[in-house]
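# Per-entry structural report
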Amino acid sequence: MTAIFNIARTEWRRIFLSPLAWAVLAVVQFIVGFVFINLLLQYAGAAGENSDLGVSDVVAGSLYGFSTVLLLLIMPLMTMRLFAEERKTGSITLLFSAPVSLTEIVLGKFVGVLGFVAVVILLLALMPLSLAWSTHLDWGRVAAGLLGLFLLMTAFAAAGLFVSSLTREPTIAAVASFGLLLVIWLANILAYNDSVPFHQVFSYLSLIDHFESLRRGVFASADVVYYLLFSALFLWLTVLRLDIERN
Amino acid sequence: MDTEHNEVLIEARGLTRRYGPTVAVSNLDLTLRKGEVLGLLGPNGAGKSTTMKMLTGNLAPSEGDIRIKGVSLREQPKLAKRHLGYLPEQPPVYPELTVDEYLGYCAGLHGIANKELAAALASAKRDCGLSDVGHRLVGNLSKGYQQRVGIAQAIIHRPPVVILDEPTVGLDPIQIREIRTLIADLGKSHSVILSSHILPEIQAVCGRVMIIARGLVVYNEPMAATQGEASVVAGFKRAPEAVYLADIEGVDGASPLGNGRFLISPRKGADPREAIARAAAQFDWGLVELHAQQRTLEEVFVELTSGDLRAAA
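Residues numbered from 1 in each chain as written. Chains lettered and ligands numbered in written order. Predicted model: local features only at pLDDT ≥ 70, side-chain atom pairs only at ≥ 80, totals over all residues.

## Describing the overall build of chain A
This is how the line gets drawn: To qualify as a helix, a DSSP run of H or I must reach at least 4 residues; to qualify as a strand, a run of E must reach at least 2; elements of each kind are numbered from the N terminus. Only C-alpha atoms enter the radius of gyration; for comparison, a globular chain is expected to reach 2.2 Å times N to the power 0.38, where N is the number of residues. C-beta atoms are placed from the backbone for every residue, and two residues are taken to be in contact when these atoms lie within 7 Å.
Looking only at helices and strands, chain A features eleven helices and zero strands. When the helices and strands of chain A are read in sequence order from the N terminus, they spell out α-α-α-α-α-α-α-α-α-α-α. On C-alpha atoms alone, chain A measures out to a radius of gyration of 19 Å, which is about the 18 Å that the 2.2 N^0.38 rule sets for 247 residues. The principal-axis extent of the C-alpha atoms belonging to chain A is close to 65 × 50 × 30 Å. Taking contacts inside chain A between residues at least 6 apart in sequence as the whole, the part at least 24 apart equals 79%.

In structure tokens, the structure reads:
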């Protein structure tokens with residue numbers, strides 16, 4: 001346990017020592033802020049016309065719905081280095097010769113990235129927070145949206161970690177994990193095609209469909225379990241992959 | 001004291017490693033006792049690094065078993081690795097961390113408790129001459145200093161066994177001397193396995209030599225053995241036939257080197273120089289040169305691995 005924590009802390013620190021993390025955070029915050037202001041102006045302009053729509057719908061619904069696309073683009077960049085770069089520079093040997101298990105290594109790296117994810121979530125939470133002094137927000141709704149984003153990024157991180165363990169080139173890891181995530185994301189296209197056998201299954205497997213309910217403020221344990229299982233699967237695959245590497 | 005010195009720290013039996021059809025290491029046995037500095041020597045691609053990777057758990061052997069302090073590396077890797085410190089060919093450092101941060105991380109990985117961390121850090125840095133650069137980024141240090149950081153990482157948890165893979169590669173002559181001194185110091189308190197293809201390096205610091213060629217152990221003797229096997233060179237103005245020399249007491253055989261000079265191999269444990277001088281005076285051969293010639297590690301090495309070198313050329 002201490003080994004996981006130790007690896008995670010150093011990983012987190014290394015992520016934030018690289019300019020990449022700061023650049024990514026800056027770009028995310030700028031784009032999300034831009035969309036946020038636009039949505040608010042739209043909402044203010046249309047005030048009274050559609051009384052069903054509250055400001056929480058705008059923030060948690062539209063804004064966080066939009067953010068998923070952005071996160072799909074940035075998470076591969078944050079996970080690409082995890083194993084690929086260590087393998088390229090040879091520093092992976094440090095972990096492999098230390099008295100820690102492969103599971104601890106993988107979990108340590110994963111928790112380290114989750115530290116970065118937590119910072120992204122914090123930044124995204126700042127936007128509704130900036131409205132808190134002037135209006136009443138449905139905090140449950142916002143929290144469900146943020147939880148959804150967190151789970152989604154957890155899944156992205158696990159898949160990215162796995163792809164990073166497959167190669168020694170960080171850029172290839174980034175491209176490949178983006179491709180992998182997009183394919184799983186788009187699996188729901190098949191669900192709308194009735195000629196595909198078992199088309200509902202694809203809707204269930206798609207990464208994004210499970211975010212929908214959380215975005216709408218519905219906390220369904222099935223969706224949470226989906227993301228956790230998804231992450232666990234890829235973490236397990238990463239451990240297997242690293243074990244194969246030694247043999 | 002003696003029993004303590006005989007304690008076996010690493011015992012590898014029948015190590016074999018295949019990469020597809022290529023056999024990198026074949027049926028290698030290795031024993032490391034407490035207080036030993038073992039030099040692994042071999043031409044490039046002989047299987048030194050592969051052997052070290054297997055000994056440190058970075059690579060699973062295709063066949064064979066490794067025990068570290070009696071603990072199987074396969075069955076209880078975490079427990080076994082606790083007794084090891086390893087410096088691979090490329091020092092496994094993170095350039096964006098400072099030396100202190102990096103070594104602190106390594107100490108944590110090896111299970112050093114927080115309250116002992118400062119002491120462990122200070123002693124490792126002192127041993128590797130890093131005390132003045134603790135606050136600097138590893139990436140900004142010179143290659144030699146990065147190598148020291150790599151060695152500090154391998155000894156920070158004071159393991160009984162330290163394994164160093166070509167620790168002086170890419171360093172300037174002064175750095176090489178410093179690292180050698182450091183390794184010699186390490187040898188006093190740790191058992192060390194050191195690989196190199198630089199012969200003087202092995203000669204300078206190792207107590208025992210193991211030569212690997214084509215993935216096989218071709219030589220495994222204490223350093224003193226190479227020094228014990230001296231031959232005698234003798235030169236005469238009126239040179240006799242080689243058979244006359246071979247008849248002299250203590251001489252095993254003689255081969256002419258031209259110009260009246262002979263390379264004389266003595267019988268085991270005998271020093272025939274006095275007898276040669278007496279015979280030369282008696283038969284008026286005109287002795288002009290007579291000295292013992294040590295068989296160097298280089299000769300042993302070339303003799304055992306020259307097949308490879310020729311094949312590679």
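The structure having been displayed, the exposition proceeds.
## Notes on the overall build of chain B
Just so we agree on the cut-off: Each residue is classified by how many other C-beta atoms fall within 10 Å of its C-beta atom, where C-beta atoms are placed from the backbone; a count of 20 or more means buried, 12 or fewer means exposed, and values in between mean partly exposed.
In terms of helices and strands, chain B carries twelve helices and 14 strands. When each of the 313 residues of chain B is scored for burial, the buried share is 40%. Considering only intrachain contacts with a sequence separation of at least 6, the fraction spanning at least 24 residues in chain B is 67%.

## Structural notes on the interface of chain B and chain A
Definition in use: Under the convention adopted here, Pro, Cys and the residues Ala, Val, Leu, Ile, Met, Phe, Trp and Tyr are nonpolar, Asp, Glu, Lys and Arg are charged, and Gly plus all remaining residues are polar.
Counting from both sides, the interface comprises 23 residues of chain B and, opposite them, 18 residues of chain A. When residues of the side of chain B that touches chain A are assigned to their parent elements, the largest contribution, four residues, is made by helix α4 (residues 99–109) of chain B. When its residues are assigned to classes, the side of chain B that touches chain A shows eleven nonpolar, eight polar and four charged.

## Concerning helix α7 (residues 173–189) of chain B
Residues and elements named next belong to chain B. Inclusion rule: By this rule the span expected of a helix is its residue count minus one, scaled by 1.5 Å. Note: the arc covers the axis-to-C-beta directions of the helix.
Its 17 residues place the ends of α7 25 Å apart at the C-alpha level, agreeing with the 24 Å of an ideal helix rising 1.5 Å per residue. Every buried residue of α7 is listed here: Ile176, Ile179, Leu182, Ile183 and Leu186. All buried residues of α7 fall inside an arc of 125 degrees around its axis, so they share one side. In this structure, α7 carries Pro173, Ile174 and Lys188 as exposed residues pointing more than 90 degrees from its buried face.

## What to know about the nonpolar core
Threshold: Structurally, a nonpolar core is described as a collection of buried Ala, Val, Leu, Ile, Met, Phe, Trp, Tyr and Cys residues joined by way of C-beta atoms within 7 Å. Domain extents, as shown, originate in an automatic or database domain assignment.
Core analysis: the largest hydrophobic core is formed by 136 residues, its most contacted members being Leu152, Ala157 and Ala158 of chain A together with Tyr102 of chain B. Ranked by the residues each element gives to this core, the list is headed by helix α7 (residues 139–164) of chain A, at 14 residues. Summarising the domain contributions, this core has at least three residues from each of domain 1 (1–83 + 159–227 + 296–313) and domain 2 (96–150) of chain B. Discounting chain neighbours no more than four positions away, the residues touching Ala158 of chain A are Phe110, Phe230, Ser231, Phe234 and Leu235 of chain A. Grouped together as the second largest cluster of nonpolar side chains are twelve residues, Phe236, Ala279, Ala280 and Trp285 of chain B included.

## Details of the sheet that holds strand β1 (residues 8–19) of chain B
All names here are of chain B. Test applied: Between any two strands, pairing holds if DSSP finds at least two bridges. All axes are obtained by fitting lines to C-alpha atoms, using only the stretch in contact for helices, and the reported angles, taken between N-to-C directions, cover 0 to 180 degrees.
Spatially, the four strands line up as an open sheet ordered β2-β1-β4-β5, and their pairing is antiparallel. Two strands bound the open sheet, and with one partner strand each, they are β2 (22–33) and β5 (71–72). Looking at chain direction, β1 and β2 are connected through eight bridges and run antiparallel. For Tyr19, the partnering residue across the bridge sits in β2 and is Thr22. Packing of helix α2 (residues 48–55) onto the sheet brings it into contact with β1, β2 and β4 (63–68), and relative to β1 it is tilted by some 120 degrees.

## A closer look at the environment of Asn188 of chain A
Residues and elements named next belong to chain A. Mapped onto the fold, Asn188 is located in helix α8 (residues 170–191). Judged by local crowding, Asn188 falls into the partly exposed class, with 19 C-beta atoms found within 10 Å. Asn188 sits 99 residues away from Thr89 along the chain, and the two C-alpha atoms are 39 Å apart. Discounting residues that sit within four places of it in the chain, Asn188 has contacts with Phe202, Ser203, Ser206, Ile208 and Asp209.

## Structural notes on unusual backbone geometry
All names here are of chain B. Positive phi outside glycine occurs at Arg214, with the angle close to 50 degrees. When you line up the elements, Arg214 lands in the loop between β9 (208–213) and β10 (216–222). With 18 C-beta atoms counted inside 10 Å, the residue Arg214 sits in the partly exposed group. Although it is not a glycine, Asp284 adopts a positive phi angle of roughly 55 degrees.

## Points about α7 of chain A
In this model α7 of chain A runs 36 Å from its N-terminal to its C-terminal C-alpha over 26 residues, within 8% of the 38 Å that 1.5 Å per residue would give. α7 of chain A sits mainly inside the fold: 19 of its 26 residues count as buried.

## A look at the confidence of the model for chain A
Our working definition: pLDDT expresses how confident the predictor is about each individual residue, on a scale running from 0 to 100.
Of all residues in chain A, 97% have pLDDT values of 70 or greater, and the mean over the chain is 88. Ranking the elements of chain A by mean pLDDT puts helix α9 (residues 199–205) of chain A last with 75 and helix α6 (residues 102–129) of chain A first with 93.

## Some thoughts on the sheet that holds β9 of chain B
Residue and element names in this part refer to chain B. Spatial ordering of the open sheet is given by β6-β7-β8-β3-β9-β10, a layout of six strands whose pairing is mixed. Single-partner strands in this sheet number two, and they are β6 (84–87) and β10. Within the sheet, the average angular offset between the axes of one strand and its neighbour, ignoring direction, is 15 degrees. As paired strands, strand β3 (residues 37–41) and strand β8 (residues 191–196) are joined by five bridges and run parallel to one another. Pairing of Gly39 across the sheet is with Leu194, part of β8. Set on the sheet, α2 makes contact with β3, β7 (161–165), β8 and β9; between it and β7 the angle comes to about 150 degrees. With respect to the sheet, helix α6 (residues 143–155) is in contact with β6 and β7, its orientation differing from that of β6 by roughly 165 degrees.

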